[in-house]
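Structure at a glance
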Amino acid sequence: MAPDHQDTTQDTLSTDVLVVGAGPAGLMLACELRLGGAEVLVLDQRPGPTTESRASTLHARTMEILGARGLLAELGTPPCEPRGHFGGIGLDLTLPSSHPGQWKVPQQRTEELLQDRAVALGADVRRRHQLVALTDGPDRVTVECLGPAGPVRVTARFLVGCDGEDSTVRRLTGADFPGRDAERELLRADVSGVDTPDRRFQRLANGLAIAATRGEVTRVMVHEFGTPARQRSGAPEFAEVVDAWQRVTGEDISHGVPLWINAFGDVNRQLARYRHGRILFAGDAAHQQMPSGGQALNLGVQDSFNLGWKLAAEIRGDAPDGLLDSYHAERHAVGADVLANIRAQTRLLLGGPEIEPVRAVLTELIAVEEVRAHLAGMISGLSVRYDVGGTDGHPLLGRRLPPVELVRTGDGRGDDDGATTATTELLATGRGLLLDLGAGAERIAAPWADRVVGVSARTSVPGGPLRTGEALLVRPDGHVAWVGPATDAYGLRIALHRWFGEPARTSPRTSAAHHSTETAAVR
């Protein structure tokens, strides 16, 4: 991070991308930007990773993303629960994936994992920095911060707001944030010293009660039917939780020791645009929703996974026209879908007796496999499909590359010939992938070798989603941009131009950045 010595009144820093917010979305973005060779500065007003008991669920697509970047070994083997819910109605989340179900990882551990990787890749992460002003100029964004040692000015080619639902970047930008405020809310507390039975979305006469004990701590959540959300300036008092729990369940938990308390409502808002000139948004700064089914954190991480490689290409100068704008086009649509399913879940979860007939019908429908799989794909993130062009209607086009075991093939002289691998392992470098399954198309992508890795392989088990004789062009975020035979050389070149720009014009910076970050990524 280079200091600008022209300004002697305060510390001034210059970087390619300034990320405001060191939560999961901001740190994931920092990792992706570094893999693409961009300089990154991350600022956060907190002293370190969150210590609050916030999001604790990583869904299948997020686990696949972490696996694609080689992060799962460091995460270990967290508890996995195959069953989730839709609006409090039980739902089996099992779908074809390397990590089906929902994985229980405290948000603090997720942030630690991503921060360690971002720093290892060369990101500059600075804590206790509060954003107070910003200016979006024609060539750079300038921000003013208060740091531990005083005022700090940062100039960056781009700024990304990943600073949560109360985003300072969003407020200072004046971005249009349509939607509705909370109408209902859940009170939530982590309590020690209580002995209350586990309750999984138990609907009682007066409200909804949830309780789950892990170790010595019980998390309780409660909503009284018909009670509106309050305007709050801070966390509720424990007495408020105790009284609501008593009225809904008839149990007294006042003797417990509260470790953490908060309230969250069914607010539902989404930015009209995810890009405002040189300022972009990801995560809860772009969309605000009730954390139903653990979707909020996962949605934010997946925003960043989509944005990172595109913004890095813009910084390097090899991004094709419209690539960066495709971030809004793709992720705004996904966000709108998620917010819609959360609105539906909120009605099912917090609605009073009048919602029971709808719940009964949905319970019957979930028993139909097609319905179950559709809802599971929606919540897990596995069903996301982007519009990547193409007219052949191939079932993989626009979808994520499915996890499949492969055997490398080649001319017999390579060290990897005959070695087994998995599709997720081929994405570790953060570059694009041309997976050639006997189509003989690898040579066509050779002029893009600085941005697209060519791999020849065959599937280890026949009859799966990948077909012998085809080749697949896969974007750095794992989504398939083109599928076809080698005879469709024209279509492949069109796709390469659309997603990766002009053929190689390597520069020392690009080559060095890719080499250093790829080395760190695969350690």
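Okay, so let's go over this structure. Because the structure is predicted, anything quoted here is derived from the model rather than measured. (Residues numbered from 1 in each chain as written. Predicted model: local features only at pLDDT ≥ 70, side-chain atom pairs only at ≥ 80, totals over all residues. Heavy atoms only, no water.)

In this section: the overall build of the protein. Of regular secondary structure, the protein possesses 12 helices and 28 strands. What you see for the protein is a C-alpha radius of gyration of 24 Å, in line with the 24 Å of a compact globule of 523 residues. Along the three orthogonal principal directions, the C-alpha set of the protein runs to about 70 × 65 × 40 Å. Each of the 523 residues in the protein was classed as buried or not, and the buried ones make up 56%. Of all intrachain contacts in the protein linking residues separated by at least 6 positions in sequence, the fraction that spans at least 24 positions is 70%. Here the protein displays about 21,900 Å² of accessible surface, and carbon together with sulfur accounts for 51% of that area. A gap of 2 Å separates the mean positions of the 55 positive and 66 negative side-chain charges of the protein. (Helix = DSSP H or I, 4+ residues; strand = E, 2+ residues; numbered from the N terminus. Rg over C-alpha atoms; globule rule 2.2 N^0.38 Å. Buried < 20%, exposed > 50% of the residue type's maximum accessible area, 1.4 Å probe, protein only. Contact = heavy atoms within 4.5 Å. Areas by Shrake-Rupley, 256 points an atom, 1.4 Å probe, with all protein chains shown as cover. Lys, Arg positive; Asp, Glu negative; His and termini not counted. Charge placed at Lys NZ, Arg CZ, Asp CG, Glu CD.)

Turning our attention to the sheet that holds strand 13 (residues 179–180). Note on sheets: strands pair through backbone hydrogen bonds, and any given pair is parallel or antiparallel. Spatially, 3 strands are ordered 13-19-22 in an open sheet, and the strand pairing comes out antiparallel. Looking along the sheet, the strands with just one partner apiece sit at the ends: strand 13 and strand 22 (287–288). The sheet contact formed by strand 13 and strand 19 (residues 268–270) spans 2 bridges and is antiparallel. The residue bridging G179 from the neighbouring strand is R269, located in strand 19. Running over the sheet, helix 8 (residues 325–350) touches strand 13, strand 19 and strand 22 and is turned about 175° from strand 19. (Pairing = 2+ DSSP bridges. Axes fitted to C-alpha atoms, helices over the stretch in contact; angles between N-to-C directions.)

What follows concerns helix 4 (residues 107–120). What sets the pattern is the α-helix's 3.6 residues per turn: residues three or four places apart point alike. Its 14 residues give helix 4 an end-to-end C-alpha distance of 20 Å, which sits within 8% of 20 Å, the value for a rise of 1.5 Å per residue. Buried residues of helix 4: Q107, T110, E111, L113, L114, Q115, R117 and A118, and no others. Once helix 4 ends, the next one or two residues include G122, with phi positive near 110°. (Expected span 1.5 Å × (residues − 1).)

Spatially, 3 strands are ordered 4-8-5 in an open sheet, and the strand pairing comes out antiparallel. Where the open sheet ends on each side, the last strands, each with one partner, are strand 4 (57–59) and strand 5 (80–81). Here strand 4 runs beside strand 8 (residues 102–104); their pairing, made up of 3 bridges, is antiparallel. Bridging from a neighbouring strand, L58 pairs with W103 of strand 8.

Turning to helix 9 (residues 356–366), a few remarks are in order. Among the residues of helix 9, those classed as buried are R359, L362 and I366. Taken down its axis, helix 9 places every buried residue within 65° of arc, on the same side. The outward face of helix 9, more than 90 degrees from its buried face, is lined by the exposed residues P357 and E364. Where helix 9 is buried, its residues touch strand 6 (83–86), strand 7 (89–92), strand 15 (199–203), helix 8 and helix 10 (369–380). (Arc of directions from axis to C-beta.)

Shape descriptors only; they carry no functional weight alone.
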